[in-house]
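Listed here are the chains, written in short residue letters.
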Amino acid sequence: MIYSKLPVVFLNTIASEKQGSTNGEIASYIITHLDEVKYMGIAQLAQSCHVANSSISRFVKDIGLKNYNELRELMLSASLHFECEDSLESYTTHLQRAINDVYQTINHHEIDKLCQKIKTYKKLLPLAY
């Protein structure tokens, strides 16, 4: 399921993390160096991202993979580049597919359960950013 959606996963990580967060920085590095990262070991990627090997391992688990080797295998086998023709229609179609891919990975039941729990609280505290 995640195999063809790695670019979306990386972009989602960048968008959902606080600016400067470790996971955001790792995802940003990967998305901007896709061709090089495919052939890097965990230590080389960690050094390039200025983080510890354990941070790479946590990142990989946070995006739903078992280990770094699985990430490398996926990167080697999956198409990780968004290739769009020059037409707006082609780009829009590609973007719609990417959004649909993300939508299909969302656990709607869990989100509904979370919304029901939130409704039971009398007072919600503002989120700290």
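Residues numbered from 1 in each chain as written. Predicted model: local features only at pLDDT ≥ 70, side-chain atom pairs only at ≥ 80, totals over all residues. Heavy atoms only, no water.

> Is there a simple way to explain the overall build of the chain in this structure?
Scanning the chain for helices and strands turns up eight helices and zero strands. In the chain, the succession of helices and strands from N to C terminus is α-α-α-α-α-α-α-α. Looking at the 129 residues of the chain, the share that counts as buried comes to 29%. Long-range pairs, those at least 24 residues apart, make up 57% of the contacts in the chain with a sequence separation of at least 6. Taken as a whole, the chain presents about 9400 Å² of accessible surface, with 53% of it coming from carbon and sulfur. (Helix = DSSP H or I, 4+ residues; strand = E, 2+ residues; numbered from the N terminus. Buried < 20%, exposed > 50% of the residue type's maximum accessible area, 1.4 Å probe, protein only. Contact = heavy atoms within 4.5 Å. Areas by Shrake-Rupley, 256 points an atom, 1.4 Å probe, with all protein chains shown as cover.)

> Looking at this structure, how should I read the pattern of salt bridges?
Side chains that differ in charge, positive against negative, can pair when their charged atoms come close. Taken as a whole and assessed by the stated rule, the structure comprises one salt bridge. Residue Lys113 is joined to Glu110 by a salt bridge in which the shortest nitrogen-to-oxygen separation is 3.3 Å. Taken together, the residues span about one helical turn, with Lys113 and Glu110 both in helix 8 (residues 108-119) at a distance of three residues. Classification of Glu110 by relative accessible area gives partly exposed; the value is 39%. (Salt bridge = Lys/Arg side-chain N within 4 Å of Asp/Glu carboxyl O.)

> Would you mind going over a nonpolar patch on the surface with me for this structure?
A contiguous nonpolar surface patch, about 300 Å² in accessible area, is contributed by Tyr91, Leu95 and Ile99. Mapped onto the elements of the fold, Tyr91 is located in helix 7 (residues 88-105). (Patch = residues over 30% accessible without salt bridge, like charges linked within 9 Å, V, L, I, M, F, W, Y side chains within 5 Å.)

> Would you mind showing me how to read unusual backbone geometry here?
For residues besides glycine, phi is generally negative; the peptide bonds are generally trans as well. The backbone of His50 shows a phi angle near 60°, a positive value even though the residue is not glycine. Structurally, His50 is set in the loop between helix 4 (42-49) and helix 5 (53-62). What makes His50 exposed here is its relative accessible area of 74%.

> Hey, could you run me through the side chain of Asn23 in this one?
Summarising the element assignment, Asn23 is placed in helix 2 (residues 22-32). Every residue in contact with Asn23, bar those within four places of it in the chain, is listed here: Thr13, Glu17, Phe59 and Asp62.

> For this particular structure, what's the right way to read the packing of helix 4 against helix 5?
A pair of packed helices is characterised by two quantities: the angle between their axes and the separation of those axes. Between helix 4 and helix 5, the least distance of the axes is 8 Å, while the angle of their chain directions is 100°. By the angle between their directions, the pair helix 4 and helix 5 is classed as roughly perpendicular. Facing Ile42, Ala43, Leu45 and Ala46 of helix 4, the residues of helix 5 in contact are Asn53, Ile56 and Ser57. (Axes fitted to C-alpha atoms, helices over the stretch in contact; angles between N-to-C directions. Parallel < 35°, antiparallel > 145°, perpendicular 65-115°, else oblique.)

> Could you clarify how one ought to interpret helix 8 in this entry?
Side chains of residues three or four places apart in an α-helix project in the same direction, reflecting 3.6 residues per turn. The first and last C-alpha atoms of helix 8 sit 17 Å apart over twelve residues, in line with the 16 Å expected at 1.5 Å per residue. Measuring from the backbone nitrogen of His109 back to the side-chain oxygen at the start of helix 8 gives 3.2 Å, which picks out Asn107 as the cap. (Expected span 1.5 Å × (residues − 1). Polar contact = N/O pair within 3.5 Å; in protein donor to acceptor, adjacent residues only side chain to side chain.)

> Hey, could you run me through the packing of helix 2 against helix 4 in this one?
At their nearest, the axes of helix 2 and helix 4 sit 10 Å apart, and the two run at 105° to each other. With respect to each other, helix 2 and helix 4 are oriented roughly perpendicular. For the pair helix 2 and helix 4, the contacting residues are Ile26, Tyr29 and Ile30 in the first and Leu45, Ser48 and Cys49 in the second. Partitioned by chemical class, the residues of the contact of helix 2 with helix 4 number five nonpolar, one polar and no charged. (Nonpolar A, V, L, I, M, F, W, Y, C, P; charged D, E, K, R; others polar.)

Nothing here speaks to function; it is all geometry.
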